[in-house]
Amino acid sequence: MDIQWFANQLNNSMRSLHISPTVLPIFLLNNTFLYIHSPGNCCVLGFHGATTSLNGNGRQQVNTYMFASYSDPGIFAKNPGDAISYIQDIHGLSHEVQEWLDDPFVNNVVNPWLTPTAPQYGCTAFLETGDPVVGFGFTVSLNGVDYHPEDEVHFSWFAREDPSRAEQGYYTYLNNFAGKAKGCS
């Protein structure tokens, strides 16, 4: 689906349901992928955002929210060297939960960054801790079911700290990056 159309429907639904700003609505859909401008620019597996109510006479309350796709295994290719594709089940959801925790209003900016592992993002200054490591994940078993959360980038990667202040000097939870972010040229 077109991301702009979908985002409008999502916002209208939240407003019509009068969801309290003290609630974080999570819209989790099965195998629902979005595109930007044209279907050839696919696939957005999730996003988080903030919106205000329609009325409030200048004192609108702000709702934050997230959407993620719960995807079947085998839809997306695996990374070179991986036995499976980690982009399945909760991968997109774990990505959005972490990004929402770091930037619920989608207004935190950092030094512009670029990552070769996710060229689709180009040069960006948004604090998006999951975007640089899309497709990198691990397996967690719970009650006999395997889930595949995503790796996440630490503060030191964005801040270009050397060494990283994170545990063991890692730049990501799984240490997928040996060094700090690269700036844009």
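Higher on the page you've got the structure.
Source: prediction; values computed, not measured.

Draft legend 1. Quick look at the pairing of strand β5 (residues 62-70). Most of β5 is tucked away: 7 of the 9 residues are buried. Strand direction decides the pairing type here: strand β1 (residues 26-30) and β5, joined by 5 bridges, are parallel. Note on β5: the bridge partner recorded for L29 is S69. Here strand β4 (residues 46-52) runs beside β5; their pairing, made up of 7 bridges, is antiparallel. Residue T51 lies in a different strand from β5, and its bridge partner there is N63.

Draft legend 2. View of the packing of aromatic side chains. With the rule as written, the count across this model stands at 10 aromatic pairs. For the pair F138 and Y173, a centre-to-centre distance of 5.6 Å together with 45° between the ring planes defines the contact as tilted. Of this pair, F138 sits in the loop between β7 (124-126) and β8 (140-142) while Y173 sits in the segment after α3 (155-159), and the two are 35 residues apart along the sequence. F138 gets classed as partly exposed once you look at its relative accessible area, which sits at 22%.

Draft legend 3. Layout of the layout of surface pockets. Computed from the structure, the largest pocket encloses a volume of approximately 1200 Å³. I36, V44, G46, Y121 and D131 are the residues nearest the centre of the largest pocket, which is lined by 39 residues in total. Breaking the lining of the largest pocket down by element, the ones donating at least two residues are α1 (3-17), β3 (42-44), β4, α2 (91-102) and β7. Among the residues forming the lining of the largest pocket, the class breakdown is 18 nonpolar, 15 polar and 6 charged.

Draft legend 4. A look at the side chain of S69. Structurally, S69 can be placed in strand β5. For S69, the side chain forms a polar contact with the main-chain nitrogen of T32, separated by 3.0 Å. Not counting residues within four places of it along the chain, the set of residues in contact with S69 comprises L28, L29, N30, N31, T32, F33, L45 and D89.

Draft legend 5. Molecular detail of the nonpolar core. Of all hydrophobic cores here, the largest spans 12 residues; its members are I3, F6, A7, L10, M14, I19, F27, L34, V44, F47, Y65 and F67. At 5 residues, α1 tops the list of elements feeding residues into this core. Leaving out residues up to four positions away in the same chain, F27 has contacts with L10, M14, Y65, M66, F67 and A68. Judged by nonpolar contacts, the second largest core, of 10 residues, contains W113, V133, V153 and F158.

Draft legend 6. Representation of the sheet that holds β5 within the structure. Here 3 strands make up an open sheet; going across it, the order is β1-β5-β4 and the pairing mixed. What marks the edges here is a single partner per strand, and that holds for β1 and β4. The average angle at which neighbouring strand axes cross in this sheet is 20°, direction not considered. Contacting β1, β4 and β5, α2 crosses the sheet at an angle of about 160° to β5.

Draft legend 7. Representation of the environment of G130. Structurally, G130 is set in the loop between β7 and β8. Given the relative accessible area of 0%, G130 is considered buried. Residues G130 and I87, spaced 43 residues apart in sequence, show a C-alpha to C-alpha distance of 12 Å. Residues within four places of G130 in sequence aside, it is in contact with H95, E99, E150 and E152.

Draft legend 8. Representation of the state of the cysteines. Tallied over the entire structure, the rule returns 2 disulfides. Across the disulfide, C123 is cross-linked to C184 (sulfur-sulfur distance 1.9 Å). Residues C123 and C184 share a disulfide whose torsion about the S-S bond is about 100°; that sign makes it right-handed. Residue C123 is located in the loop between β6 (109-113) and β7, and its partner C184 is located in the segment after α3; the two are separated by 61 residues in the primary sequence. Classification of C123 by relative accessible area gives partly exposed; the value is 48%. By sequence-ordered numbering of the bonded cysteines, the protein chain has its disulfides arranged as 1-2, 3-4.

Cut-offs applied
- Residues numbered from 1 in each chain as written.
- Predicted model: local features only at pLDDT ≥ 70, side-chain atom pairs only at ≥ 80, totals over all residues.
- Heavy atoms only, no water.
- Buried < 20%, exposed > 50% of the residue type's maximum accessible area, 1.4 Å probe, protein only.
- Helix = DSSP H or I, 4+ residues; strand = E, 2+ residues; numbered from the N terminus.
- Pairing = 2+ DSSP bridges.
- Phe/Tyr/Trp six-rings, centres within 6.5 Å; stacked < 30°, edge-to-face > 60°.
- 1 Å grid on protein atoms, 1.4 Å probe; cavity = no way out; pocket = protein on both sides within 12 Å on 5 of 7 lines; lining within 4 Å.
- Points joined across faces, edges and corners; volume = space filled by probe spheres on them.
- Nonpolar A, V, L, I, M, F, W, Y, C, P; charged D, E, K, R; others polar.
- Polar contact = N/O pair within 3.5 Å; in protein donor to acceptor, adjacent residues only side chain to side chain.
- Contact = heavy atoms within 4.5 Å.
- Core = buried A, V, L, I, M, F, W, Y, C linked by side-chain atoms within 4.5 Å.
- Axes fitted to C-alpha atoms, helices over the stretch in contact; angles between N-to-C directions.
- Disulfide = S-S within 2.5 Å.

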